[in-house]
Amino acid sequence: MSDLVFGLDTFGDVPVDDTGAPVSHAAAIRQVLDEAVVADQIGVDAIALGEHHRPEYSVSTPETVLAGIATRTERIKLGSGVTVLSSDDPVRVFQRFSTVDALSRGRAEVILGRGSFTESFPLFGYDLNDYDVLFEEKIELFAKLLDEKPVTWSGTTRAPLQDADVYPKTESGRLKTWVGVGGSPQSVVRTARYGFPLMLAIIGGAPTRFAPYIDLYRRAADQFGTTAHPVGMHSPGFIADSDEEAREGFWPGYKVMRDRIGKLRGWPPVRREEFDAEIEHGSLYVGSPETVARKIAAAVGDLGVGRFDLIYTVGPQPVGARMRAVELYGTKVIPMVRDILAG
């Protein structure tokens, strides 16, 4: 599987410095830039930045940070993971990413999603009661914009367009666009209907439980007469020089973030036993390069996906440990996975 794509994902989690104190949001953004530059140099294929509007995360406008990364890198693909299309304007999303595409000489890609958090809706004046119609209408418009021809469109969530030509155009004539899905069959079918590649957010439980979604995507694409592209998956994890170092280093920050989100969603505090079980049997890719490589290879082989993205930042991890995780992923894990799958 030499054409398998390996990426890194981050929401710009605010890391901690050598004293254990959180760095500023500005420093966190610069840290993401530095990590992307290293990833580009050591052979990672893609980096995706997620949009969030919470204090734990520094990236609220992925395309702005990607534009900075574009001018410092040569080959790595630059995407969002995800862009919350429901609370944004499709025309502006297209314009911003086509601009990143220009700066990166064709390396931009957008991953559209409804978002797993809802802070952007009140922030930008959208009603959560319109959650479904917002995404349905806006993805319809975005699909039309990708043809890079004058667009006529009308709906209930924004002003209509009449023969509207949108600039800048991309040099290739098509902006690579995915849809990120967290487990809704309706979202999988919608992705197939528009002929977009599917990116699965597999953040808990055995990866194989998502096999039916991949099968549904392919069957739906066949029925719609669209293309079933290679499916991508992204999952959280952390890499260090040994299993113990990875687990012990990752656990404190992971628990902070998991419990903070869990409190909002009515989950009990996460226990260490759950964390260890998720590493052993679920969708946490935590350990030494050898351990993580074997786990990624197993998931990729079981699901038959064409891309694996590691969410390498979860919670307030130390700056140095994060950079080391990026280095190990590119220099050790990716080559090992390729060797395992080729064997």
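This text goes with the structure placed above it.
Residue indices follow the written sequence of each chain, beginning from 1 at its first position. Only residues with pLDDT of at least 70 get local features here, since the model is predicted, and only at 80 or more are side-chain atom pairs given and counted; chain-wide, interface and lining totals rely on the full set of residues. Computation of side-chain values covers all heavy atoms of the structure but excludes hydrogens and water.

**Thoughts on the side chain of glutamate 56**
Okay, so step 1: Here glutamate 56 is to be found in the loop between strand S2 (46-49) and helix H2 (62-70).
Okay, so step 2: Pairing of N or O atoms within 3.5 Å defines a polar contact, subject to two protein rules: one partner must be a possible hydrogen donor and the other a possible acceptor, and residues neighboring in sequence count only if both atoms are side-chain atoms. At 2.8 Å, the side chain of glutamate 56 forms a polar contact with the side chain of arginine 54.
Okay, so step 3: Setting aside residues no more than four positions away along its own chain, glutamate 56 makes contact with Gly12, Asp13, Val14, Met257 and Arg260. We count a stretch as a helix when DSSP gives it H or I for four or more residues in a row; a strand needs E for two or more, and each element gets its number in order from the N terminus. Any two residues having at least one pair of non-hydrogen atoms within 4.5 Å are treated as being in contact.

**Details of the nonpolar core**
Okay, so step 1: Counting 79 residues, the largest nonpolar core has Phe142, Leu200, Ile296, Phe308 and Tyr329 as its most contacted members.
Okay, so step 2: The contact partners of leucine 200, leaving out residues within four places of it in the chain, are Val181, Phe210, Tyr213, Ile214, Val231, Gly232, Met233 and His234.
Okay, so step 3: Formed by 19 residues, the second largest nonpolar core is a distinct cluster that contains Ala246, Trp251, Met257 and Val270. The nonpolar core is taken to be a set of buried Ala, Val, Leu, Ile, Met, Phe, Trp, Tyr and Cys residues, with the residues joined through side-chain atoms within 4.5 Å. Burial status follows relative accessibility: with a 1.4 Å probe on protein chains alone, a residue under 20% of its type maximum counts as buried, one over 50% as exposed, and anything between as partly exposed.

**Notes on helix H11 (residues 319-342)**
Okay, so step 1: The terminal C-alpha atoms of H11 lie 34 Å apart, and with 24 residues this matches the ideal 34 Å at 1.5 Å per residue to within 8%.
Okay, so step 2: The seven residues ending at a residue and the seven starting there each receive a fitted axis; the angle between those axes is the bend at that residue. The sharpest bend along H11 measures roughly 45 degrees and falls at tyrosine 329.
Okay, so step 3: All of the buried residues along H11 are Arg322, Met323, Ala325, Val326, Leu328, Tyr329, Gly330, Val333, Ile334 and Val337.
Okay, so step 4: Those residues of H11 hidden inside the fold are in contact with strand S1 (5-10), helix H1 (25-41), strand S10 (232-239), helix H10 (289-303) and strand S12 (307-311). Given the number of residues in a helix, its expected span is that number minus one, multiplied by 1.5 Å.

**Focus: unusual backbone geometry**
Okay, so step 1: Cis geometry marks the peptide bond from glycine 81 to valine 82, where omega comes out at 15 degrees.
Okay, so step 2: A cis amide bond, omega 0 degrees, links tyrosine 167 with the succeeding residue proline 168.
Okay, so step 3: With respect to the element layout, proline 168 can be found in the loop between strand S7 (161-164) and strand S8 (176-181).
Okay, so step 4: Phi at aspartate 163 is positive, roughly 50 degrees, even though this residue is not glycine.

**Here we look at the pairing of S12**
Okay, so step 1: The element S12 is extensively covered by neighbouring structure, given that 5 of its 5 residues are classed as buried.
Okay, so step 2: By the alternation rule, side chains of S12 split into Arg307, Asp309 and Ile311 and Phe308 and Leu310, which are all buried.
Okay, so step 3: Two strands are counted as paired when DSSP detects at least two bridges linking them. Two strands pair when backbone bridges link them, and S1 and S12 are joined in this way by 5 bridges, in the parallel orientation. For valine 5, the partnering residue across the bridge sits in S12 and is arginine 307.

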